[in-house]
Every structure is written in C-alpha cells, then in structure tokens.
Amino acid sequence: MKKLIIANFKMNKTSQETRVYLNELLPLIDNADKDVAICVPFTSIAMGKKCLKETPILLGAQNVSSEESGAFTGEVSARMLKEAGCKVVLVGHSERRKNFKETDQQINLKIKQLLNNNLSPILCIGETKLQRDTDRTVEVIKKQIETCLSGLYENELKNMVIAYEPIWAIGTGKIATKKQISDAIKLIRKEISNYFSEKVSKEIRVVYGGSIKPENARELLSIKGLDGLLVGGASLGAKTFSQIVNA
Ligand code: PEP
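Parameters at a glance
Starting from 1, residues in each chain are numbered consecutively following that chain's sequence as written. Given that the model is predicted, a residue must reach a pLDDT of at least 70 before its local features are reported, and side-chain atom pairs must reach 80 or more before they are shown or counted; all residues, however, enter totals for whole chains, interfaces and linings. To get the side-chain values, all heavy atoms of the structure are used, and hydrogens and water are removed first. The near set for a molecule or strand comprises every residue that places at least one heavy atom within 4 Å of it. Pairs of N or O atoms within 3.5 Å make up the polar contacts considered here, provided that, within protein, one atom can donate a hydrogen while the other can accept it, and that residues adjacent in sequence are counted only when both atoms are side-chain atoms. Only the protein chains shown count as cover for residues, and the accessible areas themselves come from Shrake-Rupley with a 1.4 Å probe. Classes in brief: Ala, Val, Leu, Ile, Met, Phe, Trp, Tyr, Cys and Pro nonpolar; Asp, Glu, Lys and Arg charged; the others, Gly included, polar. A carboxyl oxygen of Asp or Glu within 4 Å of a side-chain nitrogen of Lys or Arg is what we treat as a salt bridge. Think of it this way: any DSSP run of H or I at least four residues long counts as a helix, any run of E at least two long counts as a strand, and we number them from the N terminus. Whether a residue is buried, partly exposed or exposed follows from its accessible area with a 1.4 Å probe, protein chains only, as a fraction of its type maximum: under 20%, in between, or over 50%, in that order. Strands pair, by our definition, only if DSSP identifies at least two bridges between them. Throughout, an axis means a line fitted to C-alpha atoms (over the contacting stretch in the case of helices), and angles, computed between N-to-C directions, take values from 0 to 180 degrees. In this analysis, two residues are considered to be in contact whenever any of their non-hydrogen atoms come within 4.5 Å of each other. The definition of a nonpolar core used throughout is a set of buried Ala, Val, Leu, Ile, Met, Phe, Trp, Tyr and Cys residues joined through side-chain atoms within 4.5 Å. Definitions used throughout: a 1 Å grid over protein atoms alone; a cavity as a set of points that fits a 1.4 Å probe which cannot get out; a pocket as an open set with protein on both sides within 12 Å along at least five of seven lines; a lining residue as one with an atom within 4 Å of a point. Grid points are joined across faces, edges and corners, and a volume is the space filled by probe spheres set on the points. Within 6.5 Å between ring centres, the rings of Phe, Tyr and Trp (the latter by its six-membered ring) count as paired, and their orientation is classed by plane angle as stacked under 30 degrees, edge-to-face over 60, tilted in between.

Okay, the site of the ligand next. Near the ligand lie 14 residues; those nearest to it are Lys10, Glu165, Gly171, Ser211 and Gly233. Contact distances for the ligand include 2.8 Å between an oxygen atom and a backbone N or O atom of Gly233. When isolated, the ligand has an accessible area of 290 Å², and the protein chains bury 96% of it. In terms of residue class, the shell around the ligand is made up of four nonpolar, eight polar and two charged.

Given below as structure tokens:
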C-alpha cells in the first residue's frame, strides 16, 4: 500500500487562498508515489472539490457532527460533507479535545456518522506530556482505542486511518523518537487485533503526526509499520508540503 501524507490546514486559508495553494501544489506533486489528503476548513471544501477534480488527491474536512441531522446550530453533518466532495475527515484532533472538550464517546459517535456515509475517518489519538512523563502513555492509548472504536464492525475499520499524534509534539517543534513512534504503532495494532482481528490490525493505516518538516519526513517514513504522516504547520506552504510528499 502507498504511504499516505495528510495535510491539516487547521483554521487557516480562505477559499481563495486554498485555490492559490492547490494550483501551486498540484504540479509539484504530480509524480508522487504516495497518496495525499488535504483537510481544509469547511468554507474551502467547495473550492477544494473544484481544484482537485480529476486528481487522485483526497479532499478532507477537519471535524463532523456526532449527530445525523436536526437542531444542532452551527454543526455540519457527515452527509453534508459527503455531498460536498469530502473523502476523509479528521476526528478527535487534540486541539478539538482540548479547546472544545471533545470526549472519546463523542468521537466514537462521529466515527459512526462518517462510516455510515462512506467517509473515511482519520482518528487522532495520543498522550499529553504529563501522561508520558508519568508512564501513562500505554493506558491512554488503550483507552482511546477502546472507546473511540467501540461498536464498530471489523470490515468498517479498513476504511479508517489512525493518526498517532503525541500532544506534546504538535506544533511544538519537538518530535517523538523513532522508538516512541514504533512502540505506539505496535500498541495500536495490538489493541485492534485484540478487539477485532489480526487481519484488520495489519490492514488499517497508522500514521504519525507532530512537528513534521521536510528535513525529518524521510527518516520518519522509514519506521517499520508506519503508513504515512499527518502534517499541520508544515502543510501550509505548498512548496514545503510538496517536499514532504516527495520525501
Ligand atoms: C496536526 O495539526 O495534526 C499537527 C501534527 O501539527 P504540526 O505538524 O504543526 O505539529
């Protein structure tokens, strides 16, 4: 399977800025040997769809409602994202967990909404610095996997991506060591094997996110069992992101 490189714009880029970015990016990654997904703000989805038409690049959103429809002012449903042209959606990003108090239970409902609408969830999990310093990383990852994936069917899992994103590495310039990433990947696959099957634990894509730059991308991509990268800050420049995609 090809490696997957995911861009997370966070709350950056208007629709017009997204157009300029994608027009610059597309020729730079024309010969890439990787799958690429670009997760844009809701207001840039229509522009993303237009610019990415007839390209293999997957258009993505950064959040979805845990509800199907109804009186939930300000929310955007999975069905709306599907119709708008999204293929993948980030869920459980640490910025949403921290700033908007999203829980693993809510994230589980969001994943179910996405899967019901044939969208691929990119589930973000990972520990805080305090949790790592107090040897709770394993416990935290196990709990996140257990609750976020609760009630799912094995055959739904192969459409998902799990992003291991240690919170202390996001936007900080601090990068997890290859051993820390490798241990987390093994743990994630082991838990999935326990709850579902060994087959799907091997099939599901597991990627790493946290302070990725063109200089460290190639080295990280050599980690055994790692299927790709989730890139925040360094995805905002088309040239920089293309260097990661081409790493
Ligand atoms: C992210 O937003 O998921 C992320 C990994 O950010 P950064 O690359 O800036 O650390």
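Still more to cover.
Another point: the pattern of salt bridges. As enumerated under the stated definition, the model contains 15 salt bridges in all. For the salt bridge of Arg189 with Asp227, the shortest nitrogen-to-oxygen distance reads 2.8 Å. Here Asp227 lies in the loop between α11 (214-221) and β8 (228-231) and Arg189 lies in helix α9 (residues 178-195), a separation of 38 residues in the sequence. In the salt-bridge network here, residues are joined through shared partners; they are Arg96, Glu102 and Lys110.

Both faces of the sheet carry side chains from a regular strand, because those side chains alternate between them. On strand β6 (residues 161-164), burial covers both faces: Val161 and Ala163 on one face and Ile162 and Tyr164 on the other are all buried. Direction of pairing for β6 relative to strand β7 (residues 205-209): parallel, over a ladder of four bridges. What sits directly across from Val161, in β7, is Arg205.

Turning our eyes to something else, we now look at the sheet that holds strand β5 (residues 120-125). One key point about sheets: their strands pair by backbone hydrogen bonds, in either a parallel or an antiparallel sense. Taking strand neighbours around the barrel as the criterion, the eight strands line up as β1-β2-β3-β4-β5-β6-β7-β8 in a closed arrangement whose pairing is parallel. The sheet shows a mean angle of 25° between the axes of neighbouring strands, direction not considered. Where strand β3 (residues 58-61) lies against strand β4 (residues 88-91), two bridges are found, and the strand directions are parallel. Residue pairing in the sheet places Gly60 in a bridge with Val88 of β4. On top of the sheet, helix α7 (residues 137-148) reaches β5 and β6; it is set at about 155° to β5, its chief contact. Across the face of the sheet, α11 comes into contact with β1 (4-8), β7 and β8 while running at roughly 150° to β8.

Take the nonpolar core next. Core analysis: the largest hydrophobic core is formed by 66 residues, its most contacted members being Ile38, Ile111, Leu123, Leu149, Tyr208, Leu229 and Phe241. Residue contributions to this core peak at six residues, all from α9. Once you skip the residues sitting within four places of it in the chain, Tyr208 turns out to touch Tyr164, Pro166, Ala169, Ile175, Ala176, Ile181, Leu220, Leu226, Gly228, Leu229 and Leu230. If you look at the next biggest cluster of nonpolar residues, it comprises twelve residues, including Cys39, Val88, Leu90 and Val207.

Scanning the model with the defined rule gives one cavity of 30 Å³ or more in all. If you add up the space inside the largest cavity, you get close to 30 Å³. Every residue lining the largest cavity is listed: Gly92, His93, Ser94, Arg97, Cys124, Ile125, Gly126, Glu165 and Ile170. For the lining of the largest cavity, a count of residues per class yields three nonpolar, four polar and two charged.

Moving on, we come to the packing of aromatic side chains. Going through the model one piece at a time under the given rule, you end up with two aromatic pairs. Here Phe9 and Tyr21 contribute two aromatic rings whose centre-to-centre distance is 4.8 Å and whose plane-to-plane angle is 80°, an arrangement assigned as edge-to-face. Taken together, the residues span a long stretch of sequence, with Phe9 in the loop between β1 and α1 (15-28) and Tyr21 in helix α1 at a distance of twelve residues. Given the relative accessible area of 2%, Tyr21 is considered buried.

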